[in-house]
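The lines below spell out each chain.
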Amino acid sequence: MKLLRGQQPRLAPERDTVVTVGNFDGVHLGHRQLLQGLLDYARSHGLDTAVVLFEPQPREFFMGAAAAPPRLYSLRDKVIALRDMGIDWVWVLRFNAELAAEEPEDFALARLHGHLRARHVVVGDDFRFGARRRGDLELLQALGREHGFTAVGTRSFIAARQRVSSTAIREALQRNDFATAEALLGHPYCMSGKVIYGQQLGRQLGFPTANIAIGHQRWAVDGVYRVWARLETDGERMPAIANVGVKPSFAHLGPLLEVHLLQHNPNLYGRPLIVEFIEKVRDARKFDSLDELKQQIHNDIATAREAFAGQRTD
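Figured I'd write up the structure that's included with this text.

About the criteria used
- Residues numbered from 1 in each chain as written.
- Predicted model: local features only at pLDDT ≥ 70, side-chain atom pairs only at ≥ 80, totals over all residues.
- Heavy atoms only, no water.
- Pairing = 2+ DSSP bridges.
- Helix = DSSP H or I, 4+ residues; strand = E, 2+ residues; numbered from the N terminus.
- Axes fitted to C-alpha atoms, helices over the stretch in contact; angles between N-to-C directions.
- Contact = heavy atoms within 4.5 Å.
- Salt bridge = Lys/Arg side-chain N within 4 Å of Asp/Glu carboxyl O.
- Buried < 20%, exposed > 50% of the residue type's maximum accessible area, 1.4 Å probe, protein only.

1. A look at the sheet that holds strand 3 (residues 48-55)
Spatial ordering of the open sheet is given by 1-4-3-2-5-6, a layout of six strands whose pairing is parallel. At either end of the open sheet lies a strand with only one pairing partner, and these are strand 1 (2-5) and strand 6 (150-153). With direction set aside, neighbouring strand axes in the sheet form an average angle of 20 degrees. Two elements, strand 2 (residues 17-21) and strand 5 (residues 118-123), share four bridges in a ladder whose sense is parallel. Opposite Val-18, over in strand 5, you have His-120 as the bridge partner. Strand contacts of helix 3 (residues 75-85): strand 1, strand 3 and strand 4 (89-94), with the helix running at about 170 degrees to strand 3, the strand carrying the most contacts. Against the sheet, helix 6 (residues 137-147) engages strand 5 and strand 6, with an angle of about 160 degrees to strand 6.

2. Regarding the pattern of salt bridges
A full pass over the atoms with the stated rule returns 20 salt bridges. For Asp-16, the salt bridge identified is with Arg-119, shortest N-O distance 3.4 Å. Remark: Arg-119 occurs in strand 5 and Asp-16 occurs in the loop between strand 1 and strand 2; sequence separation between them is 103 residues. Of the charged contacts, one joins Glu-55 and Arg-71 as a salt bridge, the two residues approaching to 3.0 Å between their closest N and O atoms. Linking Glu-55 in strand 3 with Arg-71 in the loop between helix 2 (58-63) and helix 3, this pair joins segments that are 16 residues apart in sequence. Residue Glu-55 is classed as buried on the basis of its relative accessible area of 18%.

3. Comments concerning the sheet that holds strand 12 (residues 238-245)
One open sheet holds the six strands; their spatial order is 9-14-11-12-13-10, and the pairing between them is antiparallel. Taken across any chain shown, the strands that pair with only one partner, and hence form the sheet edges, are strand 9 (190-194) and strand 10 (210-213). The sheet shows a mean angle of 35 degrees between the axes of neighbouring strands, taken without regard to direction. As judged from the eight bridges shared by strand 11 (residues 223-231) and strand 14 (residues 272-282), these two strands associate in the antiparallel manner. What sits directly across from Val-227, in strand 14, is Phe-277.

Okay, structure coming up:
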């Protein structure tokens, strides 16, 4: 897979493509149905596949990260999921005031049909684009008839007796219904990233953690969770407990995903870690003293160990 960054990347496909555009937050079953259709069309017509993503997501730009809907996936997780599906090209466009003001005709003709050499465009049933959200499937089809490409829309995908959407998954996670989230995603909800050096606070408290920076967006999970952790290069799942978000007692450190492994503590610095969420243990709260915090962490670990007892790791 080739990754394009910036508004005017120098690299471009050498042959025509089938293209889709969207946020793809979660890369859930509905997204996967659309992407599989993209891949099937490309194979049967001798084309490359291309996906256009926005970063930040448009609603984060217009509403601000604190007010926008919580994120399911980081940009990194989206790109990895698209790569693993077999997508050839991913173009990450920075969503800013200039892009928000771009007329939909310019976006379709210069970016999709022009830079990406789109011969066929596939979009979701609620897709809107361009200034004032004026662009839609009907406009794409009209432009295609004039400039030599086709465009189609996809229908919603139904799973667990409901329409699969990023919104439905967020709602499931926020009510701690991980079974429904998994049914809509097609796999357990995960976050991932490279382990970084933190402030060593967990180690000082007697509970070393692997820390992953998660940016300043709102996330669909927040608090303390029972999780499985595994390295991207090793399929072994390790029982763990994780804290997601800003810790009220250490708010100055910013948002993190912190993972404490329950059985052993290998050196994970600089290595990509995947964290698979199982259930919520408790909400985040501020503690009056370090002793109170340490006791609560002891309690959280005991709760997680009890729940893991008898579970398989394969």
